[in-house]
Amino acid sequence: MKRMLKGGLIVGERESRIGDILMDEDTGKILQVADQIQAPADAQVVDVSGKLVFPGFIDGHTHFDLAVAGTVTADDFVTGTRAALAGGTTTILDFCTQYKGESLHQALENWHRKADGKSSCNYGFHLAISDWNQEVSRELAEMETEGVTSYKLYMTYDDMILEDEALYQVLKRLHEVGGIAGVHCENTGLIKALVAEKKSAGELGPEAHPKTRPDAAEAEAVDRLLKLAQVAGAPVIVVHLSSKAGYEEVVHAREKGQEIYLETCPQYLVMDDSLYEKPDFEGARYVCSPPLRKAADQEQLWAAIRENQIQTLATDHCSFTLEQKAMGRDDFTKIPNGMPGVETRPVLFYTYGVGEHHLPVEQMCRLLAADPARLYGMYPEKGCIREGSDADLVVWDPEASWTLSVADQNANTDYCPLEGMAVKGKAAQVYLGGVLAAEDGKVVKEKLGQYVKRGRYQAC
């Protein structure tokens, strides 16, 4: 079946224009993009005049069905991808974790079992390496045939951390095989020392969390990572950048010609650390790592976005119920780290980026679609609207006004971090391979998602 979207503003990363899009459900591809198209007799015509048409949004940082902190995330691939699709995200990249003693192939098989046949949007995997050895080094050369070309490395968390020697070796090996790593940058030794201080002082509530993970812990780790990557000759991605101090380290390294890509998240743009002071343990809802920062950090991140210094806006969606958060009622270090976000990322950027900060819609296309597609080896099949590209499209209603609420969300959590926030814009229709899969915030066709085998990263 053919379907034509008629008269919408087709949004690109550099320019936008009013036009028509003809797509084919059978092939899942865009057949034609033009100012005006004569609709074939067998095509369904959908009038989208007054709407914006974006390439399907890509969230390059989710954690679904992840065993962590003595529990399992509230969202698995059924509920998590449903939430993603409802908000306008047509592709997610989840972190496939290699646990100690596992091969990379074993880890990949584990995540395929979690996701295959269950996902309502398209999905791919980064491989998170926790156990570095010669066999894993050999396996890295084989991962591209499995469609995995990006990796995750941690500089904190006892069960995931790689020390500097291993970090350097992984980065160098990835450069040899054409892969790229995203790195969680925090100084684990400093965090442990600060945690010990807070506990000895009897400070055990959520308000202690940001004090034990200050911006200096992020900045030091970013600086150290970048020096290791420089020696290794490898490009690198700093994920979930949260602070001005961390950003300044990147600026210094870029001035020397280093290839560095940046990801930040909506929570670091629209929430601040005052939320940890909420009474009655409510601050636990916002415990994530790195933690929420201050207004000055938000201002720096928005400025970096405006100057095209940040390449991708992802979510680090890692959701828990209030009951799960309560595991840390008497010890803030036992509060599972993470928040939901995969559903609200597009509307938050449209409300605050396009609206409040007056950023062009083309920048929304770049941050949420085009550059993630390049960085993670999916462009131009995804990330743009052109003949031959995948027909993953978001018809965006710029005039829709509504309020964020747990009552309306698709994520499998019993709270909304931004409950009661008024927002502007909405995914009126979401097409997956040309098929109408979500409408007005509701999924109408489930489990259409396909595994995305990705190529090598492209500079962006």
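Not measured: the values here are computed from a predicted model.

Colleague: What's the story with the overall build of the protein chain in this structure? I'm lost.
Modeller: In terms of helices and strands, the protein chain carries 13 helices and 19 strands. Over its C-alpha atoms the protein chain spans a radius of gyration of 21 Å, differing by no more than 12% from the 23 Å that the globule rule assigns to 460 residues. When its C-alpha atoms are laid out on the principal axes, the protein chain stretches across 75 × 50 × 45 Å. Considering only residue pairs separated by 6 or more positions, the protein chain has 74% of its internal contacts joining residues 24 or more positions apart. Of the roughly 16,900 Å² of accessible surface on the protein chain, a fraction of 47% belongs to carbon and sulfur atoms. Here the protein chain holds 47 positive side-chain charges and 70 negative ones, and the gap between their average locations is 1 Å.

Colleague: Please clarify how the packing of aromatic side chains should be interpreted in this entry.
Modeller: Aromatic ring pairs are reported here in terms of the distance separating the ring centres and the angle at which the planes meet. Considering all chains together, one arrives at 13 aromatic pairs under this definition. Taking the centre distance of 5.2 Å and the plane angle of 50° together, the rings of F54 and F57 count as tilted. Assigned by exposure class, F54 and F57 land together as buried. Their ring planes at 55° and their centres at 5.6 Å tell us that Y350 and W396 sit as a pair that is tilted. With Y350 in helix α12 (residues 345-356) and W396 in strand β16 (residues 393-403), this pair connects stretches of sequence that are 46 residues apart. Of the residues examined, W396 reaches a relative accessible area of 1% and is grouped as buried.

Colleague: Would you mind going over the environment of D116 with me for this structure?
Modeller: The residue D116 is located in the loop between α2 (104-115) and β10 (122-128) in this model. Separated by 283 residues in the primary sequence, D116 and E399 place their C-alpha atoms 36 Å from one another. Polar contacts involving the side chain of D116 include one to the side chain of Y123, which spans 2.5 Å.

Colleague: Looking at this model, I keep getting lost on the nonpolar core. Mind explaining?
Modeller: Where a protein is soluble and globular, its nonpolar side chains tend to be buried together. Grouped together as the largest cluster of nonpolar side chains are 110 residues, with contacts concentrated most on F54, L171 and F349. Ranked by residue count, the leading element in this core is helix α7 (residues 215-232), at 8 residues. Residues in contact with F349, not counting those within four places in the same chain, are W302, I305, L313, V354, L359, M364, L367 and L368. Of all hydrophobic cores here, the second largest spans 15 residues; its members include I21, V48, A391 and L436.

Colleague: I keep staring at the packing of α7 against helix α8 (residues 244-255) and nothing clicks. Help me out?
Modeller: Two quantities define a packed helix pair, namely the angle between the helix axes and the distance between the axes. Axis separation between α7 and α8 bottoms out at 7 Å; the angle between their running directions is 20°. Comparing the axis directions of α7 and α8 gives the class roughly parallel. Crossing angle aside, the handedness with which α7 passes α8 is right-handed. Note on element contacts: α8 touches α7 through A245, G246, E249, V250 and A253, opposite D215, E218, A219, V222, D223 and L226.

Colleague: Can you help me understand the pairing of strand β1 (residues 2-11) in this one?
Modeller: Look at any regular strand and the pattern is simple: side chains alternate between the two faces of the sheet. Taking burial as the measure, the 10 residues of β1 include 7 buried ones, the bulk of the element. Both β1 and strand β4 (residues 43-47) contribute to a ladder of 5 bridges, which runs parallel. Note on β4: the bridge partner recorded for K2 is A43. Sheet analysis places β1 next to strand β2 (residues 16-24), joined by 8 bridges and oriented antiparallel. Considered in β2, the bridge of K2 is made with D24. Where β1 hands over to β2, the hairpin turn is made up of 4 residues, counted between the paired strands. Relative to strand β5 (residues 52-55), β1 runs parallel, the two sharing 2 bridges.

Colleague: So what exactly am I meant to see when it comes to the pattern of salt bridges here?
Modeller: When charged atoms on two side chains of opposite charge get close, those side chains can pair. For the coordinates displayed, the defined rule picks out 28 salt bridges. Across the pair K227 and D223 runs a salt bridge whose closest N-O atoms are separated by 2.6 Å. One end of the pair, K227, and the other, D223, are both in helix α7, 4 residues apart, so they sit about a helical turn from each other. The class of K227 is partly exposed, set by a relative accessible area of 46%. The salt bridge partner of K426 is D440, with a shortest N-O separation of 3.4 Å. Here K426 is found in strand β17 (residues 422-432), whereas its partner D440 is found in the loop between β18 (435-439) and β19 (442-443), with 14 residues between them in sequence. Residues joined in a network through salt bridges with shared partners are E13, R14, R366, D371 and R374.

Conventions used here
Residues numbered from 1 in each chain as written. Predicted model: local features only at pLDDT ≥ 70, side-chain atom pairs only at ≥ 80, totals over all residues. Heavy atoms only, no water. Helix = DSSP H or I, 4+ residues; strand = E, 2+ residues; numbered from the N terminus. Rg over C-alpha atoms; globule rule 2.2 N^0.38 Å. Contact = heavy atoms within 4.5 Å. Areas by Shrake-Rupley, 256 points an atom, 1.4 Å probe, with all protein chains shown as cover. Lys, Arg positive; Asp, Glu negative; His and termini not counted. Charge placed at Lys NZ, Arg CZ, Asp CG, Glu CD. Phe/Tyr/Trp six-rings, centres within 6.5 Å; stacked < 30°, edge-to-face > 60°. Buried < 20%, exposed > 50% of the residue type's maximum accessible area, 1.4 Å probe, protein only. Polar contact = N/O pair within 3.5 Å; in protein donor to acceptor, adjacent residues only side chain to side chain. Core = buried A, V, L, I, M, F, W, Y, C linked by side-chain atoms within 4.5 Å. Axes fitted to C-alpha atoms, helices over the stretch in contact; angles between N-to-C directions. Parallel < 35°, antiparallel > 145°, perpendicular 65-115°, else oblique. Left-handed = near helix turned anticlockwise from the far one by under 90°. Pairing = 2+ DSSP bridges. Salt bridge = Lys/Arg side-chain N within 4 Å of Asp/Glu carboxyl O.

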